[in-house]
Amino acid sequence: MEQKKTTDIGQEKVIEVKGLYKSFGNYDVLKGVDLDLHRRENLVVLGKSGTGKSVLIKILVGLLSPDEGEVKVLGQHVDQISYKQLLDLRLKVGFSFQNSALYDSMTVRQNLEFPLVRNQRKLTKGEVNQAVERVLDAVGLLQTINQMPSELSGGQRKRVGIARTLILQPEVMLYDEPTAGLDPITCLEINSLINEVQERFHTSSIVITHDLTCAKAVGNRVAMLLDGKFERQGTFEEVFNTSDERVKPFYDYNFIQ
Ligand SMILES: Nc1ncnc2c1ncn2[C@@H]1O[C@H](COP(=O)(O)OP(=O)(O)OP(=O)(O)O)[C@@H](O)[C@H]1O
Ligand SMILES: [Mg+2]
């Protein structure tokens, strides 16, 4: 499979991280992370379990604070703004948590209405309906609008989760392991959806994954978290064309079985 080509990615940086450190007790997780995300770029973040990928995402949206370093998202220092400014910023940064679940007692429609009604109180019922139908159509699940989450497949639930993030029309999307727990075919469908979202909604995205097929299919660029830093960043080939013993097993596991 070919590495995804760069379409119209600009020089503008929507996320800028410099010299980021984060420890929990005496456990150093992030040890000098530098990372940029450009406008309309899909950046894939790879790394072994427990290396701090989810911690990084949580710092980007202000759910955890950095110990040291600069974290700018859409031009704002996330650790220096007021809570009100942080809430406004989060509306522009859609993040789907690793284990984010839908509300089981609500229909698909109600799940999608929820973030919209909570954040944009002035919308009319018609506008809400239109927004719900638009995102559900974008993820190819308009027919499930009145179903309960328990009636959907795992892949469909992921899609509804992505639609729920998209409904606020974010500029930046943060996907934490969007294909985890899905079969290979469904993974391919989610990969296509991530690419469609980039094209159709002009989003810039960070995609965390363990799945190199996903990385290759959706990433304009790849960054690998190794020992608390992004020591390897670039195209898929630049990152994996190495004899680095920390990187090779990752590749071998995914492609040589
Ligand atoms: N709030 C917290 N308090 C204490 N330790 C934490 C906290 N959040 C994360 N950690 C620790 O930081 C390390 C990195 O966690 P993180 O969830 O970022 O890993 P990850 O790279 O996302 O792994 P996975 O691929 O399994 O999702 C782990 O050792 C975890 O236990
Ligand atoms: Mg994680």
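Our subject is the structure that appears above.
> So what exactly am I meant to see when it comes to the layout of surface pockets here?
Rolling a probe over the atoms, with the probe sized like a water molecule, indicates the empty space that remains. What the largest pocket holds in volume is close to 650 Å³. Along its surface, the largest pocket is lined by 21 residues, and Phe95, Pro115, Arg118, Asn119 and Leu168 are the ones closest to its centre. Those elements that place two or more of their residues in the lining of the largest pocket are α2 (83-92), β6 (93-96), α3 (108-119) and α5 (154-166). If you tally residues by element for the lining of the largest pocket, the top one is α2, at five residues. Looking at the lining of the largest pocket, its residues break down into ten nonpolar, six polar and five charged.

> Help me out: how do you make sense of the sheet that holds strand β2 (residues 27-38) in this one?
Strand pairing in a sheet takes place through backbone hydrogen bonds and is either antiparallel or parallel in direction. Overall, antiparallel pairing links the four strands, which are arranged β2-β1-β4-β5 in an open sheet. Because the sheet does not close on itself, it has two edges, and the strands there are β2 and β5 (76-77). In the sheet, strand β4 (residues 68-73) pairs with β5 via two bridges, with the strands oriented antiparallel. Bridging across to β5, lysine 72 finds its partner in histidine 77.

> Any chance you could explain empty space enclosed by the protein here in plain terms?
In this structure the tally under the stated criterion is one cavity of 30 Å³ or more. Approximately 30 Å³ is the volume attributed to the largest cavity. Lining the largest cavity are Val45, Lys53, Leu56, Ile57, Leu60, Ile206 and Ile208. Contributing elements (two or more residues each) for the lining of the largest cavity: α1 (53-60) and β8 (204-208). If one sorts the elements of the lining of the largest cavity by residue count, α1 sits on top with four residues. Its residues placed into classes, the lining of the largest cavity shows six nonpolar, no polar and one charged.

What counts, and where the lines are drawn
- Residues numbered from 1 in each chain as written.
- Chains lettered and ligands numbered in written order.
- Predicted model: local features only at pLDDT ≥ 70, side-chain atom pairs only at ≥ 80, totals over all residues.
- Heavy atoms only, no water.
- 1 Å grid on protein atoms, 1.4 Å probe; cavity = no way out; pocket = protein on both sides within 12 Å on 5 of 7 lines; lining within 4 Å.
- Points joined across faces, edges and corners; volume = space filled by probe spheres on them.
- Helix = DSSP H or I, 4+ residues; strand = E, 2+ residues; numbered from the N terminus.
- Nonpolar A, V, L, I, M, F, W, Y, C, P; charged D, E, K, R; others polar.
- Pairing = 2+ DSSP bridges.

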